[in-house]
Amino acid sequence: MTTAGLVFQQPWQRHGDAFNPISGAREPLLPLLFVTVACGACSGFHALVASGTTSKQLDRESHIRPVAYGGMWVEGLLALVALVAAAWMTQADFSAALKEHGPVMLFAKGIAGFAARFGMPLKTGEMFISLALAAFLMTTLDTATRLARFTWQELFLPRRTDLDADAPQPKCRALTNRYSATLLACLAAGWLLLGGGSKSFWPVFASSNQLLAALTLLGASLWLLRHKRGVWIALLPMCVMLLTSCGALISIFTRNLRVWQEGSFATGGVMTLASGALFLLAVALLVFSVASLRRGER
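A quick note: this is a predicted structure, and the numbers were derived from the prediction, not measured.

**Some details on the overall build of the protein chain**
Helix and strand content of the protein chain: 11 helices and two strands. Burial status across the protein chain gives 34% buried among its 298 residues. Taking the contacts inside the protein chain whose residues are at least 6 apart along the sequence as the reference set, 61% of them involve residues at least 24 apart. Summed over its atoms, the accessible surface of the protein chain is roughly 19,200 Å², and 68% of this surface lies on carbon and sulfur atoms.

Right under this line is the structure:
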């Protein structure tokens, strides 16, 4: 459902361009459109949730398909509702309403307008949707904090090749302790929020989320190749997601690099470094994957 910026195609714009009300710039529909709706189609964040928490909450393996596929289908539907809730306004009205109410209240007002057609009072609909959305955001924050905590712990755990009781212990227990890892995740989030860094990093969220989805599919493709299973079910969407997310990162990098050169580091430097680092990490993982396949063949 997450949206990094809604796009509008106007008759006076050249074909293939869209207006991004968040940045106020005209940007290409491809790949912007496919990284705007970040969670509804294919989500790297959901890959982390599925591997870390959801997989431990299923009673049996046969429940994976209705839970995982059904959940993404409902999120895709919710993303379309979010787009429709705002797309009925003109470009000028949307930009003004976004500045006045913010994205949360704008979404609530749009859905309340739909509900009013079925007899629900407008104010009641706004309050109900706002409450539901606030609960959704709080549970997302809770999940994201837990994911950050155990991801940090895994970074400092020793590499295991078996489940022996004599497996090596972590060198620094403080870094793998759940309480210290949780505290570190909360402090980092607080620093980004209070220091204003969250607004600087937010435009790259959708691209990084889709890139994580592509890398998840890359890992699945490697597993299928190693076990000589049908790999195309993961490899084809991986190629599409990788090209889309990397294209978006290159677009963000070049645009913010120009802003940095014309202005200062505060205006474009953060996004330039963040998008460049993500792109280099994606290339490095691709190289490591090819090297892993070659070792497996030998």
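**So, the packing of helix 9 (residues 205-226) against helix 10 (residues 232-262)**
Each pair of packed helices can be summarised by the angle the axes make with each other and by the distance between the axes. It is at 8 Å that the axes of helix 9 and helix 10 come closest, and there the two elements cross at 150°. Comparing the axis directions of helix 9 and helix 10 gives the class roughly antiparallel. Between helix 9 and helix 10 lies a crossing of left-handed hand. Seen from helix 9, the contacting residues are Ser 207, Gln 210, Leu 211, Ala 213, Ala 214, Leu 217, Leu 218, Ala 220, Ser 221 and Leu 224; seen from helix 10, they are Ile 233, Ala 234, Leu 235, Pro 237, Met 238, Met 241, Leu 242, Ser 245, Cys 246, Ala 248, Leu 249 and Ile 252. Residue composition of the contact of helix 9 with helix 10, by class: 18 nonpolar, four polar and no charged.

**Points about the side chain of Ser 245**
Considering the arrangement of structural elements, one finds Ser 245 in helix 10. Ser 245 sits in the buried class, given a relative accessible area of 0%. There is a polar contact of 3.3 Å between the side chain of Ser 245 and the backbone oxygen of Leu 242. Contacts of Ser 245, omitting those with residues within four sequence positions, involve Ser 207, Gln 210 and Leu 211.

**Focus on the side chain of Thr 244**
Structurally, Thr 244 is set in helix 10. Judged by relative accessible area, which is 13%, Thr 244 ranks as buried. With sequence-adjacent residues up to four places away left out, Thr 244 is seen in contact with Pro 31, Phe 34 and Val 35.

**Let's talk about helix 10**
If you check helix 10, its first and last C-alpha atoms are 45 Å apart, about what 31 residues at 1.5 Å a residue would give, namely 45 Å. If you check which residues of helix 10 are buried, you get Ala 234, Met 238, Met 241, Leu 242, Thr 244, Ser 245, Cys 246, Ala 248, Leu 249, Ile 252 and Asn 256.

**As for a nonpolar patch on the surface**
Judged by side-chain polarity, Tyr 69, Trp 73, Val 74 and Leu 77 come together as a nonpolar surface patch covering roughly 480 Å² of accessible area. Its location among the elements puts Leu 77 in helix 3 (residues 64-87).

**A closer look at the nonpolar core**
One finds Val 204, Leu 211, Met 238, Met 241, Leu 242 and Cys 246 to be the most contacted residues of the largest nonpolar core, which totals 15 residues. Where this core is concerned, the elements lending two or more residues are helix 9, helix 10 and helix 11 (265-297). When near neighbours in sequence (up to four residues on either side) are disregarded, Val 204 contacts Leu 249, Ile 252, Met 271, Ser 275 and Leu 278. Of all hydrophobic cores here, the second largest spans seven residues; its members include Ala 82, Phe 107, Ala 108 and Leu 133.

**Section: helix 7 (residues 178-194)**
Along its 17 residues, helix 7 runs 24 Å from first to last C-alpha, staying within 8% of the 24 Å computed at 1.5 Å per residue. With a side-chain oxygen lying 2.8 Å from the backbone nitrogen of Tyr 179, the N-terminal cap of helix 7 falls on Asn 177.

**Thoughts on the pattern of salt bridges**
According to the stated counting rule, one finds two salt bridges in the structure shown. Lys 109 is paired through a salt bridge with Glu 126; the nearest N and O atoms lie 3.4 Å apart. With a gap of 17 residues between them, Lys 109 in helix 4 (residues 91-116) and Glu 126 in helix 5 (residues 122-155) connect regions that are remote in the sequence. Across the pair Arg 146 and Asp 142 runs a salt bridge, and its minimum N-O distance is 3.1 Å. Remark: Asp 142 and Arg 146 occur in helix 5; sequence separation between them is four residues, near one turn of the helix. For Arg 146, a relative accessible area of 29% corresponds to the partly exposed category.

**With respect to the environment of Ala 132**
Along the polypeptide, Ala 132 turns up in helix 5. For Ala 132, a relative accessible area of 41% gives the class partly exposed. In this structure the C-alpha to C-alpha distance between Ala 132 and Ala 108, which are 24 residues apart in sequence, comes to 9.4 Å.

**Comments concerning the environment of Leu 212**
Within the secondary structure, Leu 212 is located in helix 9. If near-sequence neighbours (up to four positions away) are discounted, Leu 212 is found in contact with Gly 44, Phe 45 and Leu 48.

**Looking at the packing of helix 2 (residues 44-52) against helix 5**
At their nearest, the axes of helix 2 and helix 5 sit 11 Å apart, and the two run at 70° to each other. Looking at the two axes, helix 2 sits roughly perpendicular to helix 5. Helix 2 and helix 5 meet at a crossing whose hand is left-handed. The residues of helix 5 that touch helix 2, namely those facing Phe 45, Leu 48, Val 49 and Gly 52, are Thr 143, Ala 144, Leu 147 and Phe 150. Here the residues of the contact of helix 2 with helix 5 are counted per class, giving six nonpolar, two polar and no charged.

Scoring rules and cut-offs
Residues numbered from 1 in each chain as written. Predicted model: local features only at pLDDT ≥ 70, side-chain atom pairs only at ≥ 80, totals over all residues. Heavy atoms only, no water. Helix = DSSP H or I, 4+ residues; strand = E, 2+ residues; numbered from the N terminus. Buried < 20%, exposed > 50% of the residue type's maximum accessible area, 1.4 Å probe, protein only. Contact = heavy atoms within 4.5 Å. Areas by Shrake-Rupley, 256 points an atom, 1.4 Å probe, with all protein chains shown as cover. Axes fitted to C-alpha atoms, helices over the stretch in contact; angles between N-to-C directions. Parallel < 35°, antiparallel > 145°, perpendicular 65-115°, else oblique. Left-handed = near helix turned anticlockwise from the far one by under 90°. Nonpolar A, V, L, I, M, F, W, Y, C, P; charged D, E, K, R; others polar. Polar contact = N/O pair within 3.5 Å; in protein donor to acceptor, adjacent residues only side chain to side chain. Expected span 1.5 Å × (residues − 1). Patch = residues over 30% accessible without salt bridge, like charges linked within 9 Å, V, L, I, M, F, W, Y side chains within 5 Å. Salt bridge = Lys/Arg side-chain N within 4 Å of Asp/Glu carboxyl O. Core = buried A, V, L, I, M, F, W, Y, C linked by side-chain atoms within 4.5 Å.

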